Structure formats: C-alpha cells, structure tokens
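Next come the chains, spelled out residue by residue.
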Amino acid sequence: MSAARGSLLGIEHLEAAEILKILKFARRMNPDKPRPLLKGKRVVLLFYEASTRTRSSFELAAKVLGAHTVLIQAAGSSIEKGESLLDTGYTLRAVGADVIVIRHPSAGAPHVMARHIDIPVINAGDGLHEHPSQALLDAYTILRSKKSFKGLQVAIIGDIFHSRVARSACHLLSKVGVKVILCGPPELVPEIASTLAPGVRVTRHVEDALRGTDVVMLLRVQKERLAGQKINLPDYIARYQMTAARLKTAKRDAIVMHPGPIIRGLELTSEVADGVQARILEEVRNGVPTRMAILARAVGKMR
Ligand code: ASP
C-alpha cells in the first residue's frame, strides 16, 4: 500500500510547486481565528521522543482547525509494554484516528506506518532522517523576512550529521533555488554532506560560511545522539559559536534562526539569541500556521 493522500513524510520527494503551495496556504492561516477545516476529525499525536515546540504547535494547529486531539507518548502507553509500531497504528486506526502525527527515533518509522495504515501520516521527526514540518516553517519564516527565495544564501552551522532539521532544510532550500553552505568540524559535518542536495557546499570556516549570507541557521550539538563519539566542546565553541562579533561577517540584514532547543553559551551567545537579528521565537510562532496548512492538506482541505 502506498501512503495515504495528504501524508507528509519528508521534503526529499516533494515537488517545489507543492512546497510553495503549502507555504502560500500557510500565509492564509491565522492561529487567532478558528477555522473549522478539521471539524470533528481526530488527530493523534504519537510521540516516541521528547518534543516541546513541534508537539505543542501541532496540537494548537489541530485545535484551531476544530479537530479533537489525542496525545500518546511512549512513556505511559502500551508502547512501554512492547507493542509494535504497527500494532499501535492499527489500534489508533481502530479508535477512529483520521490523521497520525508521529515522531520516532528510527528513520523511516513514519513511512512504515504510512504503508500499512490508510490514513494520512505526518512525520514530526524520524531519527536522523527528516523533519519536514520544521523545514516548511523555516521556509515560511525566511519568506516573511526576505520576501522571496531569489538569490538567497543560507549558512547552516553546527551538528549537521545528527540533524534531521538540516537534512529537510537542505532538500527544501535547494528545490527553491537557495544556495546552502554547511559549516562545522568534520565529525559533525562530513564532506559527503555536500551531496545531500544540489547546490550544497561544505566549509570548515565560519567566516567563509557567513560571508554574503542572508540567513544564519544554527544547530544544537545533539549530545544524546553522539553515541560514544567525543566532541571537544571548548574547541567547538572557539571555532563555531555564533557571537555578535562573528555575525557581523554575514550580510547586515541577515537573520539568525535555530530550530530549538537552543543551548546558550554553546552554539550561540545570549547576545545573539536575544539580538534584533534573531528569529528564533518567530520560528516557534510560525510553527502554528504552517502546521495548520499541513493538517488541512492532510484532510484534503488545502484549496
Ligand atoms: N528540535 C529539533 C529536532 O527535533 C532539533 C533539535 O532537537 O536539536 O530535530
């Protein structure tokens, strides 16, 4: 069985036209104005991993659209008793779920679910693979500041290797013609990362990444995923931490983004996190209209 229409499993296989359509529809969504596009529908939020922003904004988005939401977290559910992913999916279908939003530590888990269950599945982050709704809300945020993708350069700095955010962002930005520069030490940004999508380049030097850049996207060092790999954090901070002085190398009107959670004093200083160029909280806010559009699309109401 192929994934149900309206599923959003990743950005890699989404056409640029579809991406732009979702972004355009998101612009019409207003979190302060309830719209009954999902009236009476049941949206299940199935979270096998921690989440603050993604979970709360999917929940708010579903509620503004009139849906009922059910949150299931691995702890406290039958998942703890060893129930398989698919049996959990069949169970949720049996209780009448209309859409499943899933976050899972294994890459491909949402795809497996989507192949076996006849309702739309939305990937809210699968292992090191993709985080499509984050890429869409980031693109939405870029468009609000920069008006168009034309001629833009985005520098993504930090732990690219463990970042599903970076993977989805590279696919999306490359599809809409944006130049992407990935920057960090070889342990976190392997050379092969330049093959992620057309037009992606790798550099080890933060000044090189920042020169001429319109958008500076910072990523957290995902210590929980390092699995024994040692990262010299003082060295990382000395070479890659975004400080106000470093940020001056980027374009004067460059914006600073970060998917969160931010670790002040590691990948960025408080001065940058709270500075006028930061769009970090705006990204969180933009998560709601973007996820409203994704949910409306899931039930065939994105028109
Ligand atoms: N919140 C993002 C994610 O779920 C990034 C991060 O955790 O650092 O992938």
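Treat the numbers as computed from the prediction; the structure is a model and nothing was measured. (Residues numbered from 1 in each chain as written. Predicted model: local features only at pLDDT ≥ 70, side-chain atom pairs only at ≥ 80, totals over all residues. Heavy atoms only, no water.)

Regarding the overall build of the chain
Of regular secondary structure, the chain possesses eleven helices and nine strands. Expected size for 303 residues packed as a compact globule is a radius of gyration near 19 Å; at 19 Å, the chain falls within 12% of this value. Reported as C-alpha extents along the three principal axes, the dimensions of the chain are approximately 55 × 45 × 35 Å. The buried share among the 303 residues of the chain stands at 57%. Within the chain, counting contacts between residues at least 6 apart in sequence, those at least 24 apart form 75% of the total. Accessible surface, the chain: about 13,100 Å² in total, of which carbon and sulfur atoms supply 53%. (Helix = DSSP H or I, 4+ residues; strand = E, 2+ residues; numbered from the N terminus. Rg over C-alpha atoms; globule rule 2.2 N^0.38 Å. Buried < 20%, exposed > 50% of the residue type's maximum accessible area, 1.4 Å probe, protein only. Contact = heavy atoms within 4.5 Å. Areas by Shrake-Rupley, 256 points an atom, 1.4 Å probe, with all protein chains shown as cover.)

Details of the sheet that holds strand β3 (residues 99-104)
Taken together, four strands build an open sheet; the order of strands is β2-β1-β3-β4 and the sheet is parallel. Both outer strands of the open sheet, β2 (68-73) and β4 (121-126), are each paired with one neighbouring strand and no more. The mean inter-strand angle of the sheet, taken between neighbouring strand axes irrespective of direction, is 15°. Pairing analysis gives four bridges linking β3 to β4, with the strands arranged parallel. Residue Ile100 lies in a different strand from β4, and its bridge partner there is Val121. (Pairing = 2+ DSSP bridges. Axes fitted to C-alpha atoms, helices over the stretch in contact; angles between N-to-C directions.)

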